[in-house]
Amino acid sequence: MSDLWRRCLERLEGDLSAEDLHTWLMPLQARDDADGLQLFAPNSYTLDTVRERYLPRIEAVLLLLIGKAWPVRLEVGSNSTRPVAVAKPAAAPKAAPIAPAAAFHHNLDPHYTFETFVEGKSNQLGKAAAMQVATNPGRAYNPLLLYGGTGLGKTHLMHAAGNLMRERNPDFKVMYLRSEQFVGSMIEALRAKSMDQFKQRFRSVDALLIDDIQFFAGKDTTQEEFFHTFNALFESKQQIILTCDRYPKEVDKLEPRLKSRLGWGLSVAIEPPDFETRAAILLAKAHEKGVAVDENVAMLLAKRIRSNVRDLEGALNTLAARANFYGKPITTDFAEETLRDLLATHAQAITIPNIQKITAEYFNVRLQDLLSKRRVRSLARPRQIAMTLSKELTEHSLPEIGEAFGGRDHTTVMHACKTIRKFVETDARMRQDWEQLIRTLTG
Ligand SMILES: Nc1ncnc2c1ncn2[C@@H]1O[C@H](COP(=O)(O)OP(=O)(O)OP(=O)(O)O)[C@@H](O)[C@H]1O
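Position numbers for residues start from 1 in each chain and track the written sequence from start to end. This being a predicted model, a pLDDT of at least 70 is required before a residue's local features are given, and a value of 80 or more before pairs of side-chain atoms are given or counted; all residues contribute to the totals for chains, interfaces and linings. Here the side-chain values reflect all heavy atoms present in the structure, with hydrogen atoms and water set aside.

- Under an unreviewed UniProt entry, the protein has the name Chromosomal replication initiator protein DnaA and belongs to Rhodanobacter terrae.
- According to UniProt, the comment filed for the protein under the heading Subunit (unreviewed entry) is "Oligomerizes as a right-handed, spiral filament on DNA at oriC."
- UniProt positions are given in the numbering used here, feature names are shortened, and annotations may be inferred rather than shown by experiment. Recorded in UniProt under Subcellular location (unreviewed entry), the annotation for the protein is "Cytoplasm".

1. What to know about the site of the ligand
No. 1: Residues are counted as near a molecule or strand when any one of their heavy atoms sits within 4 Å of it. Close to the ligand lie 19 residues, the nearest being Thr-150, Gly-151, Thr-155, His-156 and Glu-313.
No. 2: Identification of polar contacts relies on pairs of N or O atoms within 3.5 Å, with a donor-acceptor requirement for protein atoms, meaning one able to donate a hydrogen and the other able to accept it, and with residues adjacent in sequence counted only if both atoms are side-chain atoms. Take Gly-151: an N or O atom from its main chain is 2.7 Å from an oxygen atom of the ligand.
No. 3: The side chain of Arg-310 places a nitrogen or oxygen atom 3.0 Å from an oxygen atom of the ligand.
No. 4: Throughout, the Shrake-Rupley method with a 1.4 Å probe supplies accessible areas, and for residues the shown protein chains are the sole cover considered. Taken by itself the ligand offers 630 Å² of open surface, and the protein chains cover 93% of this.

2. Some details on the side chain of Gln-356
No. 1: The helix count covers DSSP runs of H or I at least four residues long, the strand count covers runs of E at least two residues long, and both are numbered beginning at the N terminus. You can see Gln-356 is positioned in helix H15 (residues 352–363).
No. 2: Contacts are residue-level and defined by heavy atoms, with any inter-residue pair within 4.5 Å sufficient. Other than its neighbours up to four places away in sequence, Gln-356 contacts Leu-367, Leu-370, Leu-371, Ala-404 and Phe-405.

3. Quick notes on the sheet that holds strand S2 (residues 36–41)
No. 1: In short, DSSP must find at least two bridges between two strands for them to pair. Taken together, 3 strands build an open sheet; the order of strands is S1-S2-S3 and the sheet is mixed. Unpaired on one side and paired on the other, strand S1 (29–33) and strand S3 (72–76) mark the two borders of the sheet. Strand-to-strand twist of the sheet, defined as the mean angle between neighbouring strand axes without regard to direction, takes the value 20°.
No. 2: Direction of pairing for S2 relative to S3: parallel, over a ladder of 5 bridges. Bridging across to S3, Ala-41 finds its partner in Val-76. Fitted lines through C-alpha atoms give the axes, limited to the stretch in contact for helices. The angle between two N-to-C directions lies from 0 to 180 degrees.

4. Examining the sheet that holds strand S4 (residues 144–147)
No. 1: One open sheet accounts for 5 strands, arranged S5-S6-S7-S4-S8; its pairing is parallel. In the strand order of this sheet, the two ends are held by strand S5 (174–178) and strand S8 (266–269), each with one partner. Between one strand and the next, the sheet's axes are offset by a mean angle of 15°, whatever the strand orientation.
No. 2: In this structure, strand S6 (residues 207–211) lies alongside strand S7 (residues 239–244), joined through 4 bridges in parallel fashion. Bridge pairing links Leu-208 to Ile-240 in S7.
No. 3: Contacts from helix H5 (residues 154–168) reach S4, S5, S6 and S7, with the element oriented near 165° to S7.
No. 4: Against the sheet, helix H8 (residues 220–235) touches S6 and S7, its axis set at about 140° to S7.

Structure, rendered in structure tokens:
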């Protein structure tokens, strides 16, 4: 058995029930090499369960054992070159040796680069900031915080910055972690009474990249530790890049002093891409994967799947797999047919009544007031937003939208759209409301 995996199981033995360990982790076969630990699951069900429930735990233990984040690859199959029957691990875990600094292995995804990132209005600033930071780490903006909804490319940009730092200086130590890994590894360190090693590990890097820091919310000890790590890195001009699913000030149960630190550098919103950018991303992804997709198909998917890039990519993968299986080219008919259910789900939520209901709930006003003739500002602004959302997200014409909003004239809708678009560009608060509503409606 891979020695590393055996030690990992020994550690996990104390944390997981015997049943979980035997059902999910013991059946895995393992191989470790210079690139990381490869785990083979006997079937896809086991694989999904391990990925969802145990992967962060495994990664946290590996971090502690090896002294750095260590990539784990999961796949269905078996370790045929070195078959292993995973036996019950031997007892008596030993104190983990910390790897010497020279053996630092970064864990960045090499596919996530600036070259493979498609730029559009929605992510232009984020990309520029990430590039600045990568070419001038610790000095340009520290920390750099990228925030925005799920699947919009924050992780991609973060890795791209890390990859560029290493391209410019191969000795640069970049550590990437999801926030759950930070939490998990801290819990492990507390349990193993190895907090000094934990602190040292995070403070010895040149750049620390932590993804999805909203998971720190409510975890006071983690926040305390992260706060100290942050200060130490910041003072010695080591670069910090963070991502969050919303503007950190909006994250409940995040300590005020931490929120304030996050504001020391630059915070940039990554917004949902517009139609043209969605189509361009789709064509770029298809090209990357060697899938033949023409512009009509790209436009069809970009028009109908507005939620986020991950969903768009998922649709492309499904199409490619089916086309490959049936030996058919990917035409618009084939795409419509293959993705019928998926496209219907995306279309479903976006009706005018639904937009009205969700906008009213969001602004805490009554639906009947939103549709009424009352012109007080507290109603007029949400109404204008709902009208603009209806124009952007549905196929309805201006007169139809006016009609649906209590029989208003189409010029009123036109004026609303113009006003809101201008506001969204110039007013951060308005932009946030707008993005949040789009996420709710298309997510
Ligand atoms: N502008 C873009 N160009 C190319 N690929 C993109 C772009 N935006 C997103 N993607 C791709 O979409 C997928 C999801 O992106 P990513 O994981 O970076 O999202 P995220 O914002 O970090 O989401 P989450 O908050 O859920 O982690 C990735 O495969 C990424 O490469």
